[in-house]
Amino acid sequence: MHPDLRALGVVAVAMRAFPLVGGPVELRGALDLERTQAGVMPRRLPAWTKEQYQDPSVYGVTVMPSGVRLVFRTDARELEFEVLTSTGQLDSDPRPRPTGMLELLVDGVHAGRRQAPVGNVVRMAGPGAAQRLVPGEPGTVRFAGLPAGMKNVELWLPQQTPTELLALRADGEVLAPLPDGRRRWVHHGSSISHCLEADGPTGTWPVVAASFGGVEVINLGQAGNDMLDPYVARTIRDMPADLISLKTGINIVGLATFRLRTFGPAVHGFLDTIRDGHPDTPLLLVSPVSCPALEATPGPVSMGPDGKITALGDPADVARGALSLAVVREELARIVAARRAHDPHLHYRDGRELLGPDEADDLADGLHPTAAAYRRMGKRFAAHAFADDGPFR
């Protein structure tokens, strides 16, 4: 489950250096590590999947480390992490896009957050234009004043920014984490599961829900790329998992990638593949949250001059098989109801229970929730899924 890490050969000056790879530090939430000129880059899909997609955006979102964290024990009072980030910048913008936060948890309690340093910058004239790399330098993030004694430490990487790992330095011993007995929850979804807009890596709704549920989450959410891809289903099939959830539909409607005729079989096939490896694992299928533009109108979508999405499809085409969110929710509920006759561990949840039509003001661009709304979604998911009578009880 955790990628194998190999020593990076970093030399410390003031503190002792510990290898990020091949040493006691575990990297959780990533399924692959790519060697780079600077260090190693975590990826949230296995290496073999790269030959099965053509869209470069898939690679781009899998190296955005939503839910990826370094885990270890230490008696250090100070820690330093050396990283190299990559962020974008439009030529019309005065500065690069925000790099996000690195957050430190000590014994499960938030112990500090630091802005991720700006490293490489990818410049472009506009969305979809040719890209130009402006190479940057690694930066060091320091956490001081940690509690005395041996403690469990987690460093969470920024969910929206590819981050190469170069070094860990500490003024104390660093040991491998001990097993904690938590169940492993694997989740897959769209940008609304990736949570680029969250206020930090522990503010994404899957991480919030996992903290309330007392489980360890692996977030395979892929912004713009929740398409029922077979390689994702096979990845989940082959992973250790005690709990599984899928939140699907918004990308499919927004990009008009399926019709009703093809959507249902694709959902069945995705579920069948997962069940090949996890026949009895609790599996929760969640439909899209509210999105006013797509509730009754099919995609594709475009961004309007007001910064909000608008649907370009024809509502009359729904009768001929086009997908709106209302149709997707009805079809997902129907599929789960039919399959439960032979799969009692399969469950359905209407996504509007996480974020409903009366909360449209929390969709800044008409599609993506605000940071506060993501935290609310995590609490609501946990209240349902981990309840005494919930699917993840």
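For the structure, see preceding data.
To start, this report covers the structure provided alongside it. (Residues numbered from 1 in each chain as written. Predicted model: local features only at pLDDT ≥ 70, side-chain atom pairs only at ≥ 80, totals over all residues. Heavy atoms only, no water.)

1. Thoughts on the pattern of salt bridges
Then step 1. For the structure shown, the criterion picks out 29 salt bridges.
Then step 2. The closest approach of N and O atoms between Arg28 and Glu26, which form a salt bridge, is 2.9 Å.
Then step 3. A salt bridge links Arg376 to Glu359; the nearest nitrogen and oxygen atoms lie 3.1 Å apart. Within this pair, whereas Arg376 is found in helix H8 (residues 371–385), its partner Glu359 is found in the loop between strand S21 (346–349) and H8, the two being separated by 17 residues in sequence.
Then step 4. Classification of Glu359 by relative accessible area gives buried; the value is 12%.
Then step 5. Members of the salt-bridge network, linked through shared partners, are Glu26, Arg28, Arg69, Asp180, Arg182, Arg184 and Glu216. (Salt bridge = Lys/Arg side-chain N within 4 Å of Asp/Glu carboxyl O. Helix = DSSP H or I, 4+ residues; strand = E, 2+ residues; numbered from the N terminus. Buried < 20%, exposed > 50% of the residue type's maximum accessible area, 1.4 Å probe, protein only.)

2. Examining unusual backbone geometry
Then step 1. Omega for the peptide link from Gly299 to Pro300 comes to 5°, which places this bond in the cis form.
Then step 2. Within the fold, Pro300 resides in the loop between strand S18 (283–286) and strand S19 (301–303).
Then step 3. One non-glycine residue, Cys195, lies in the positive phi region at around 65°.
Then step 4. Turning to its location among the elements, Cys195 is positioned in the loop between helix H2 (191–194) and helix H3 (205–213).
Then step 5. Judged by its relative accessible area of 0%, Cys195 is buried.
Then step 6. Its identity as a non-glycine residue notwithstanding, Ala256 has a phi of 50°, on the positive side.
Then step 7. One can find Ala256 in the loop between helix H5 (250–254) and helix H6 (260–277).
Then step 8. We classify Ala256 as partly exposed; its relative accessible area is 43%.

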